[in-house]
Amino acid sequence: MADQVLKGFFPSQVVSDREKVSQEYGLKVAKAIESEWFSRDSGTNRFYNNQNEFHKLRLYARGEQSIQKYKDELSINGDLSYLNLDWKPVPIIPKFVDIVVNGIAERSYDVKAFSQDPFGVSKRTEYMESILRDMETKELANFAQEAFGISLQENDPKKLPDSEDELQLHMQLSYKQASELAEEQAINVMLEGNNYENTRKRFYYDLTVLGIGAVKNTFTKTEGIKIDYVDPANLIWSYTEDPFFDDLYYVGEVKTIPINEIKKQFPELTQEDMEELSRSSFTSSGLLKSQNDTNNLDKNTVQVLYFNYKTYMNEVYKVKETSTGATKIILRDDEFDPPVELLEQQYGKMNRSLEVLYEGALIVGSNKLLKWSLAQNMMRPKSDYTKVKMNYAIVAPRMYKGRIESLVSRTTTFADMIQLTHLKLQQVMARMTPDGVYLDADGLAEIDLGNGTNYNPQEALNMFFQTGSVIGRSMTQEGDMNPGKVPIQEIQSGSGGQKLQSLIQTYNYYLQMIRDVTGLNEARDASTPDKHALVGIQKLAAANSNTATRHILQSGLYLTTQVAEGVSLRISDVLEYSPTRDAFIQKIGNHNVGTLDELSQLHLYDFGIFIELAPDEEEKQMLENNIQIALSNSLLDLEDAIDIRNIKNVKLANEMLKVRRRKKQERDQELQERNIKAQADANAQAQQVAAQAEVQKQQALVQTQMQLEQGKAALNETKLMKEAQIKKELMNHEFQINMKLKQMELQMINNKENSKEDRKDERTKIQASQQSELIDQRKSGKPPKNFESAGNDILGGIGLGGFDPR
């Protein structure tokens, strides 16, 4: 009777918190979960069916599916004695699984934290307003800097955006608060410490093969924050039709644990409890063992169901007014329900409902509840403390009515047909015989080689196989037509070749069907690229294939986001409540000591977590095409192109491309205007210079003319002075000569007078001679010789004749 009660429906959640905490309530919840997932009463076992289905899909994904179905297909009443075939499955599906998983797992990403609490938003708003003030007062600040040497700007003027669009990009790409950087660093360190990359590859494999992936994050004082992979085959959950499992009220997993480990996890168990666990291991093994499972479970292990159960609890407070007039709030349990008269007269009542998680652990197949308690360090979003997040993050992107579809489940039928076609190919190849020859012995008997050699069948076959030649006779020895004139003819062995070609076509047909249903075409793996297809067409085909599997990528990113959000919330709890707070801060901040102060205050912030995925080859190519077009048209500088390529977010990169292109156009237009202005200024300056040169030329000509005239005047003056000096010297010389002549004349007169008496005769002779000379001169018609200078004693119209001696 007790078992029937325990295996009934889930207990009511509309009970008191005291009853929910009780072990009896927890056991009812655990047995209800066990009944839903492990009961065989209705002929079904939900947990067993899931495990069998997932096991089958994993075998197909490895190319190790059961071959019994193929033997049943080809056997005749179960007899396989006439078939000598290689039954090993053809590993077709593993290739497609590896293409998807490896292609997605290699996509890099960054975890971004965004402070969305009022304090972080106010800091971001203040910074943005300071940027806007600097942008609006830029001209005034430049004037103050140039005129007075005073900086009025709050930010670096070299990094100021030029427009509001550029400001938006700056806020998204460049602006980061110290708390956001510290949060991102803390999350990345925790992910690396838990080898999350390996976990990520495993759940991507599960999403591809099984169609469902799960991750679990927990916190313990000994190990801190733990991120664990969860095998979907061991997972249980409440019924849901949500692909993201947001409306679950219970979730858990079954683990096979050695009994000694149970003692470590639950040290409060007694010796009697351990013996009971050992006995109950057989029952739990029976519930979990598949009908085709040939692996015997270890008798020293037990199957434990760990689960989270979401319910609600009431927080009730008694509000009482003290004698001093103050209000005192006292915590009460949810059963606190005083009469209405007291509430109105003496004190009041406050209450609210909160979602809570209970953690439980049940030995499957028994009534032994190892754990049932209110979960510690529950993850509550700071935006709504009434909500709580499960420890498990689960996603099944192609789920409908509880049924899960995967990429591999679409292909199993065609993989079976490929395997059967492969076996048929082996049969056809085994039964094919080589082409033979027909030899007509009667036709050989009519042939005489003429050299004494007998032309027997063996000799004819040797000649045919070595040379391909055949000797025959068209007429018999009697002269009749010889029906065996071609004694050797080839025999076709049959239509085995046609069957082989038909089977190969069938094989290729089902292989193409796998490509069609999965969307993984030849361009995705480049297995058979078309030599006639253009590169752009092949890239387009590969891009379409990526689109067909994008839901797997998005599901994995959802799990990563949920894990990062859970880690972020648990970091806040650790920093606020855990006694290992300082050790945790040192562990996180050992890479950057400067973030230690910010880390110690992270619990005061509320962060929004999102994943920035690196662009794939298609997105990179589209962005690169845009960049190349801009570069070829001189709409972008090389430095801008390098900065844009470094942005992982393609949308922001394209926005940056538009902003940089617009700025480049503005710079080019401004440069063109400056060039035009400079050209106009240069032309005006050239004209001014030409005018100045003309003036200077005329001035130079006038000055040269003046200098020439001055030179001429100086030359004339010099000439006159020289002439005057020469004339003066000449006149002086003439005067000296005249003086000498006069002296000579006077001397002659004196000599004459002195010698008149002494030399009268001589004078007479002289006079006679003089007279004779005068006579001769008169006869010759020449005047007497005059020693006066003619015209040389006149200077400026003034003669020197008045200065002659008298």
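Residues numbered from 1 in each chain as written. Predicted model: local features only at pLDDT ≥ 70, side-chain atom pairs only at ≥ 80, totals over all residues. Heavy atoms only, no water.

**Concerning the packing of helix α7 (residues 118-136) against helix α9 (residues 164-173)**
Any two packed helices are characterised by how steeply their axes cross, that is the angle between the axes, and by the distance between the axes.
And then number 1: α9 packs onto α7 with a crossing angle of 145° between their chain directions and a minimal axis gap of 12 Å. The crossing of α7 and α9 is right-handed. In this structure, α7 uses Arg124, Tyr127, Met128, Ile131, Leu132 and Met135 to contact α9, whose residues at the interface are Glu164, Leu167, Gln168, His170 and Met171.
And then number 2: Of the residues in the contact of α7 with α9, the class split is 7 nonpolar, 2 polar and 2 charged. (Axes fitted to C-alpha atoms, helices over the stretch in contact; angles between N-to-C directions. Helix = DSSP H or I, 4+ residues; strand = E, 2+ residues; numbered from the N terminus. Left-handed = near helix turned anticlockwise from the far one by under 90°. Contact = heavy atoms within 4.5 Å. Nonpolar A, V, L, I, M, F, W, Y, C, P; charged D, E, K, R; others polar.)

**Quick word on the packing of aromatic side chains**
And then number 1: Applying the stated criterion across every chain, the model contains 16 aromatic pairs.
And then number 2: Here Tyr25 and Trp372 contribute two aromatic rings whose centre-to-centre distance is 6.4 Å and whose plane-to-plane angle is 50°, an arrangement assigned as tilted. Of the two residues, Tyr25 sits in helix α3 (residues 23-38) while Trp372 sits in strand β9 (residues 369-374), which places them 347 residues apart along the sequence.
And then number 3: Classification of Tyr25 by relative accessible area gives buried; the value is 3%.
And then number 4: Ring geometry for Phe38 versus Phe47: centroids 4.9 Å apart, planes at 45°, classification tilted. The residues Phe38 and Phe47 share a single accessibility class, namely buried.
And then number 5: In this structure an aromatic cluster arises from ring pairing among Phe10, Tyr25, Tyr249, Tyr250, Phe307, Tyr309, Tyr358 and Trp372.
And then number 6: When the ring centre of Trp37 is taken as reference, the NZ or CZ atom of Arg46 above it lies at 3.9 Å.
And then number 7: Residue placement shows Lys255 over the ring face of Tyr306; its charged tip is 5.7 Å from the ring centre. (Phe/Tyr/Trp six-rings, centres within 6.5 Å; stacked < 30°, edge-to-face > 60°. Buried < 20%, exposed > 50% of the residue type's maximum accessible area, 1.4 Å probe, protein only. Lys NZ or Arg CZ within 6 Å of the ring centre and 35° of its normal.)

**Concerning a nonpolar patch on the surface**
And then number 1: On the surface, Leu140, Phe143, Phe148, Ile150 and Leu152 cluster together into a nonpolar patch covering about 560 Å² of accessible area.
And then number 2: Note on placement: Phe148 falls in helix α8 (residues 138-148).
And then number 3: Look at Phe148 and you get exposed, because its relative accessible area is 60%. (Patch = residues over 30% accessible without salt bridge, like charges linked within 9 Å, V, L, I, M, F, W, Y side chains within 5 Å. Areas by Shrake-Rupley, 256 points an atom, 1.4 Å probe, with all protein chains shown as cover. Salt bridge = Lys/Arg side-chain N within 4 Å of Asp/Glu carboxyl O.)

**Focus: the pattern of salt bridges**
Opposite charge on two side chains permits pairing when their charged atoms draw close.
And then number 1: Tallying each qualifying case throughout the model produces 25 salt bridges.
And then number 2: The shortest N-O distance in the salt bridge between Glu184 and Lys176 comes to 2.5 Å.
And then number 3: The class for Glu184 is buried, based on a relative accessible area of 9%.
And then number 4: One salt bridge in this structure joins Glu261 and Lys264, with 3.6 Å as the shortest N-O distance. Highlighted residues: Glu261 and Lys264, both in helix α12 (residues 259-265), separated by 3 residues, approximately one helical turn.

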